[in-house]
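Chain residues, written in single-letter form:
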Amino acid sequence: MEWLTGPFEVTFVQRALWGGMLVSAICALAGTWVVLRGMAFLGDAMSHGLLPGVALAALFGGNLLVGALLSAAVMTVGVTALGRTPRLSQDTGIGLLFVGMLSLGVIIVSRSQSFAVDLTGFLFGDVLAVREQDLLLLSGALLLALAVSVLGHRAFLALAFDSRKAQTLGLRPRLAHAVLLGLLALAIVASFHIVGTLLVLGLLIAPPAAALPWARSVRGVMALAALLGVTATFGGLLLSWHLSTAAGATISALAVSLFFLSHSASGLVHRRRARLLGAHATATD
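Cut-offs applied
- Residues numbered from 1 in each chain as written.
- Predicted model: local features only at pLDDT ≥ 70, side-chain atom pairs only at ≥ 80, totals over all residues.
- Heavy atoms only, no water.
- Helix = DSSP H or I, 4+ residues; strand = E, 2+ residues; numbered from the N terminus.
- Buried < 20%, exposed > 50% of the residue type's maximum accessible area, 1.4 Å probe, protein only.
- Contact = heavy atoms within 4.5 Å.
- Areas by Shrake-Rupley, 256 points an atom, 1.4 Å probe, with all protein chains shown as cover.
- Polar contact = N/O pair within 3.5 Å; in protein donor to acceptor, adjacent residues only side chain to side chain.
- Axes fitted to C-alpha atoms, helices over the stretch in contact; angles between N-to-C directions.
- Parallel < 35°, antiparallel > 145°, perpendicular 65-115°, else oblique.
- Left-handed = near helix turned anticlockwise from the far one by under 90°.
- Nonpolar A, V, L, I, M, F, W, Y, C, P; charged D, E, K, R; others polar.
- Patch = residues over 30% accessible without salt bridge, like charges linked within 9 Å, V, L, I, M, F, W, Y side chains within 5 Å.
- Salt bridge = Lys/Arg side-chain N within 4 Å of Asp/Glu carboxyl O.
- 1 Å grid on protein atoms, 1.4 Å probe; cavity = no way out; pocket = protein on both sides within 12 Å on 5 of 7 lines; lining within 4 Å.
- Points joined across faces, edges and corners; volume = space filled by probe spheres on them.
- Phe/Tyr/Trp six-rings, centres within 6.5 Å; stacked < 30°, edge-to-face > 60°.
- Expected span 1.5 Å × (residues − 1).
- pLDDT = per-residue confidence, 0-100.

(A) Molecular detail of the overall build of the protein chain. Helix and strand counts for the protein chain come out as 14 helices and zero strands. Secondary structure elements in the protein chain, listed N-terminal to C-terminal, are α-α-α-α-α-α-α-α-α-α-α-α-α-α. When burial is assessed residue by residue, the protein chain has 45% of its 285 residues classed as buried. The contacts in the protein chain between residues at least 6 apart in sequence include a share of 76% that link residues at least 24 apart. Just so you have it, the protein chain exposes about 14700 Å², and 67% of that area is on carbon and sulfur atoms.

Shown next, in the form of structure tokens:
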């Protein structure tokens, strides 16, 4: 029992656990729509597009979260604007923004004589450095994400399955898409300090994808994804403590492992049901 509870008696590990739990809930709300709409590439592009704002904030002694929010806002506006260009596919526009923002961030970092920006922390996060004020910010971000998810649920649902029908129903799909991008940006900005931009997709995509085979509604996917994210956070922190591995990477790797475990179990269940149905049909004949 000491092996299981010992690490969480340390204050900074407790804060890391709470931070990871809050991020898991935020990522479950945004990540469910990312998985349902096939927006993984967009999520990856937006996470890497935070670098210029974070680099500038670090160089001028500003708040990294504010810098990340500014970059996320630029990415959101850019993706929305390019998505309305008829001769340019959305993937092309996202790819160009991705490369442009990442290149700008690297240029800013390279101009620093002292390399004041900690690229390792930006790319891989530092969950064990979560402070009490970070927990307050994450709590506010969760409340905002929850409000957006509740108010926009009907429009997001229609947009995920048929944007033309959403237009017919008067749900303003373009506005809904822009708001959904904002929700995604909020989740990424809230998460990058915990697991970093390279690993943020682990919490953003893996738990909702793992929940899909077992949930019967979008809200069910969100709830189960949050639970799986919390499980990955707890297990990742526990393993990183005892194995002396990077905490953020361990959390992300465990989340991905839960996805593969979930889909393997789902495949076994479906094959067993198919055999039972086949046997029942044979017996009936």
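(B) Up close: the side chain of Ser-191. Relative to the assigned elements, Ser-191 resides in helix H11 (residues 173-195). A polar side-chain atom of Ser-191 sits 2.6 Å from the main-chain carbonyl oxygen of Ala-187. Ignoring anything within four residues of it in the chain, the contact list for Ser-191 reads Val-23, Cys-27, Gly-196 and Val-200.

(C) Representation of the environment of Arg-154 in the model. Among the structural elements, Arg-154 can be located in helix H9 (residues 153-161). Among the residues examined, Arg-154 registers a relative accessible area of 53% and is labelled exposed. Considered as a pair, Arg-154 and Ala-176 are 22 residues apart in the sequence and their alpha carbons are 9.6 Å apart.

(D) Broad picture of the packing of helix H8 (residues 132-151) against H11. Orientation of H8 relative to H11, taken along the N-to-C sense of each, is 160 degrees, at an axis distance of 10 Å. The angle between H8 and H11 places the two elements in the roughly antiparallel class. For the pair H8 and H11, the crossing hand works out as left-handed. In this structure, H8 contributes Asp-134, Leu-138, Ala-141, Leu-144, Ala-145, Val-148 and Ser-149 to the contact, and H11 contributes Val-179, Leu-183, Leu-186, Ala-190, His-193 and Ile-194. Residues of the contact of H8 with H11, tallied by class, amount to 10 nonpolar, two polar and one charged.

(E) Here's a closer look at the packing of helix H2 (residues 11-37) against helix H12 (residues 200-211). It is the contact of H2 with H12, at a shortest axis distance of 7 Å, that shows an interaxial angle of 70 degrees. Relative to H12, the element H2 lies roughly perpendicular. Considering the relative orientation of H2 and H12, their crossing is right-handed. Residues Val-23, Ser-24, Cys-27, Ala-30, Gly-31, Thr-32, Val-34 and Val-35 of H2 form the contact with H12, whose own contacting residues are Leu-203, Leu-204, Ile-205, Pro-208 and Ala-209. Among the residues making up the contact of H2 with H12, the classes are represented as 10 nonpolar, three polar and no charged.

(F) Representation of a nonpolar patch on the surface. Where nonpolar side chains cluster on the molecular surface, the patch consists of Met-1, Trp-3, Leu-4, Leu-239 and Leu-243 and spans about 550 Å² of accessible area. Looking at the secondary structure, you find Leu-239 in helix H13 (residues 218-243). Taking relative accessible area as the criterion, Leu-239 reaches 31% and is therefore assigned partly exposed.

(G) Structural detail: helix H4 (residues 51-59). For H4, every residue scored as buried is listed here: Leu-51, Pro-52, Gly-53, Val-54, Ala-55 and Ala-57. Phi turns positive, to about 70 degrees, at Gly-61, one or two residues after H4.

(H) Local environment of empty space enclosed by the protein. Counted under the stated rule, the structure contains one cavity of 30 Å³ or more. Of the volumes computed, that of the largest cavity is approximately 30 Å³. Contributing to the lining of the largest cavity are Gly-78, Val-79, Leu-82, Gly-83, Ser-89, Gln-90, Gly-93, Ile-94 and Leu-97. Taken together, the elements giving at least two residues each to the lining of the largest cavity come down to helix H5 (64-82) and helix H6 (90-110).

(I) Quick peek at the packing of aromatic side chains. Per the counting criterion, the structure on display carries five aromatic pairs. Summarising the aromatic geometry, the rings of Phe-12 and Trp-241 are spaced 6.5 Å apart at their centres and angled 40 degrees between planes, so their arrangement reads as tilted. Here Phe-12 is found in helix H2, whereas its partner Trp-241 is found in helix H13, with 229 residues between them in sequence. Phe-12 gets classed as partly exposed once you look at its relative accessible area, which sits at 31%. When the ring of Phe-41 is compared with that of Phe-98, the centres are 6.4 Å apart and the planes differ by 75 degrees; the resulting orientation is edge-to-face.

(J) View of H5. Between its terminal C-alpha atoms H5 stretches 27 Å, which fits the 27 Å expected from 19 residues at 1.5 Å a residue. Those residues of H5 hidden inside the fold are in contact with helix H3 (40-48), H4, H6 and H11.

(K) Local environment of the confidence of the model for the protein chain. On average, residues of the protein chain score 84 in pLDDT, and 90% of them are at 70 or above. When mean pLDDT is compared element by element in the protein chain, H13 scores highest at 94, while helix H7 (residues 119-124) scores lowest at 68.

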